[in-house]
Amino acid sequence: MTRILFVCLGNICRSPLAEAIFIHQIKEQNLQSDFQVASCGTANYHIGDTPDQRTIRNALKNGVTIDHRGRQFGLSDFVDFDLILAMDQSNVNNIMCVSGADNYVQKVKLMRTWDSINTGADVPDPYYGNEKDFQEVFEILNRSMRNLIVELTVKK
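Please read these numbers as outputs of a predicted model, since none were measured by experiment.

Our next topic: the sheet that holds strand S1 (residues 2-8). As summarised here, the arrangement of the four strands in space is S2-S1-S3-S4, forming an open sheet in which the pairing is parallel. Either end of the sheet is taken by a strand with one partner, and the two such strands are strand S2 (35-41) and strand S4 (108-110). Pairwise comparison of adjacent strand axes, ignoring direction, gives a mean angle of 25° for this sheet. In this sheet, S2 lies alongside S1 in parallel orientation, the contact comprising seven bridges. When the sheet's bridge partners are listed, Thr-2 is paired in S2 with Phe-35. Docked against the sheet, helix H4 (residues 89-96) engages S1, strand S3 (83-86) and S4, running at close to 170° with respect to S4.

With that settled, consider the environment of Arg-57. With respect to the secondary-structure elements, Arg-57 resides in helix H2 (residues 53-61). Taking C-alpha positions, Arg-57 is 9.4 Å from Glu-131, a pair spaced 74 residues apart along the chain.

Phi angles above zero are rare outside glycine, and Asn-11 is one such case at about 65°. A residue is classified by how much of its surface remains accessible, and Asn-11, at 0% relative accessible area, is buried. Residues other than glycine seldom take positive phi values, yet Asn-30 does so here, at roughly 55°. Summarising the element assignment, Asn-30 is placed in the loop between helix H1 (14-28) and S2. Take Asn-30: its relative accessible area is 62%, and that puts it in the exposed class.

How each quantity is defined
- Residues numbered from 1 in each chain as written.
- Predicted model: local features only at pLDDT ≥ 70, side-chain atom pairs only at ≥ 80, totals over all residues.
- Heavy atoms only, no water.
- Pairing = 2+ DSSP bridges.
- Helix = DSSP H or I, 4+ residues; strand = E, 2+ residues; numbered from the N terminus.
- Axes fitted to C-alpha atoms, helices over the stretch in contact; angles between N-to-C directions.
- Contact = heavy atoms within 4.5 Å.
- Buried < 20%, exposed > 50% of the residue type's maximum accessible area, 1.4 Å probe, protein only.

The structure is reproduced here in structure tokens:
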């Protein structure tokens, strides 16, 4: 089983959406037993909160449901997960500031490493944006997840 953690700043927009899209896609392919998936934020702003309502609406518009409560990234996540996917370089930097992170650097990657259009770029934060920005993030994550799942299932 591959254990994947999606990480953004507050855990209310990008990372819970990434988690939900990944779950949706693995269910479509009947791969649920191959993966354990979660998301969190590097900041403690929204611990226990549900995702941003705009994220929930956008996901539903695209046929994806989100069931999540915000939590903060911690040292145990390095042990509990095989792959830690940050939404942007700032999140990578925050993750690598956690004491002991140097021992786990090989687990931390940018989410858009698997984006076929703009590989390695940041997933933009839609928080201060509009519906178009939330849709753009959905499309980036949806595309990236498809490629990530292909890579992970080919490696098995």
